[in-house]
Amino acid sequence: MPFDRSIKIAPSILSADFANLGAEIQAIEARGADWIHVDPMDGHFVPNLTIGPNVVAAIRPHVKTFMDVHLMISPADPYIGAFAKAGSDMITVHAEAGPHLHRSLQSVRAEGKMAGVALNMTTPLDHVADILDDIDMILIMTINPGFGGQKFTHAMIDKVARCRAMIADRPIHIQVDGGIDPTTAPLVAKAGANVLVAGSAVFRGGSVAQPNIYGDNIRAIRDAAQAAL
Ligand SMILES: O=C(CO)[C@@H](O)[C@H](O)COP(=O)(O)O
């Protein structure tokens, strides 16, 4: 099957109602979400504590699309097996999480999962340039990880463009995360990103009681991104 480089909208459930995660996921999937983005944080690599493997396992039956799990955990290796068994489809580890990025990626693939690498804003693309065959996705952070609702960093647009040039025709997704909304989505899509994570811009104004707002928000991001291609 040819690699699918079409624009995908991956709502970050960090901005969802945690008391209603199953219903929130069903609501956004029914209204156009392509992937479900999950943000486990350890209170050490980032200054926030969020989701563990038990929560990922609990929401798994509600995810009919693709579960994209972005580990903000250092070191990640002791937890890769648990997040894999919980039902992740993609497991992304941070290049900065240590101790050995390549070993972490091998562990993810050994679990039969797709392997992503996240790069903090100050981490150069060189960190992954020599191991592209071992990577299914590069996540270019457009904020400092830890919290939703931060402002997009425009300096990362050029990094996305350089990443697109670096991977050329390889079957590697380029994901962006942080401050993605209908004004920033076209900038990163034009530069070459194809998986757009958005938390506040998807969940803002909606709820499980008013789910059509989620649909409007997802459509606005997708339409803006596609118009830039
Ligand atoms: O990984 C993270 C935060 O570290 C993100 O996934 C955020 O949850 C995105 O939120 P918005 O910037 O879209 O509100």
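Small disclaimer: the values here were computed from a predicted structure and weren't measured.

### Notes on the UniProt feature "binding site: a divalent metal cation" (unreviewed entry) in the protein chain
Phase 1 of the analysis: Following the UniProt record, one finds the feature "binding site: a divalent metal cation" (unreviewed entry) at His37, Asp39, His70 and Asp177. The greatest C-alpha distance among the residues just named is 10.8 Å, despite their covering 141 residues of sequence, which places them together in space.
Phase 2 of the analysis: Relative to the elements of secondary structure, Asp39 occurs in the loop between strand 2 (36–38) and helix 2 (53–59).
Phase 3 of the analysis: What makes Asp39 buried here is its relative accessible area of 4%.
Phase 4 of the analysis: Among all residues touching Asp39, those that are not within four sequence positions of it are Ser12, Leu14, Thr50, Ile51, His70, Met72 and Asp177.

### With respect to the side chain of Asn194
Phase 1 of the analysis: Inspection of the secondary structure assignment puts Asn194 in the loop between helix 7 (185–191) and strand 8 (195–198).
Phase 2 of the analysis: Asn194 gets classed as buried once you look at its relative accessible area, which sits at 1%.
Phase 3 of the analysis: Only 3.0 Å separates the side chain of Asn194 from the side chain of His173, close enough to count as a polar contact.
Phase 4 of the analysis: Once residues lying within four places of it in the same chain are set aside, the contact partners of Asn194 are Asp4, Arg5, Ser6, Ile7, Lys8, Arg164, His173 and Ile174.

### A word on helix 3 (residues 77–85)
Phase 1 of the analysis: Along helix 3, the residues that are buried comprise Ile80, Gly81, Phe83 and Ala84.
Phase 2 of the analysis: Positive backbone phi, approximately 110°, marks Gly87, located one or two places after helix 3.

### Some remarks on the pairing of strand 8
Phase 1 of the analysis: Burial along strand 8 is two-sided: the face carrying Val195 and Val197 and the face carrying Leu196 and Ala198 are both buried.
Phase 2 of the analysis: In this structure, strand 1 (residues 8–11) lies alongside strand 8, joined through four bridges in parallel fashion. If you follow Lys8 over to strand 8, its bridge partner there is Val195.
Phase 3 of the analysis: The sheet contact formed by strand 7 (residues 173–177) and strand 8 spans three bridges and is parallel. Residue pairing across strands places Gln175 opposite Val195, the latter belonging to strand 8.

Calculation rules
Residues numbered from 1 in each chain as written. Predicted model: local features only at pLDDT ≥ 70, side-chain atom pairs only at ≥ 80, totals over all residues. Heavy atoms only, no water. UniProt positions renumbered as here; feature names shortened; annotations may be inferred. Helix = DSSP H or I, 4+ residues; strand = E, 2+ residues; numbered from the N terminus. Buried < 20%, exposed > 50% of the residue type's maximum accessible area, 1.4 Å probe, protein only. Contact = heavy atoms within 4.5 Å. Polar contact = N/O pair within 3.5 Å; in protein donor to acceptor, adjacent residues only side chain to side chain. Pairing = 2+ DSSP bridges.

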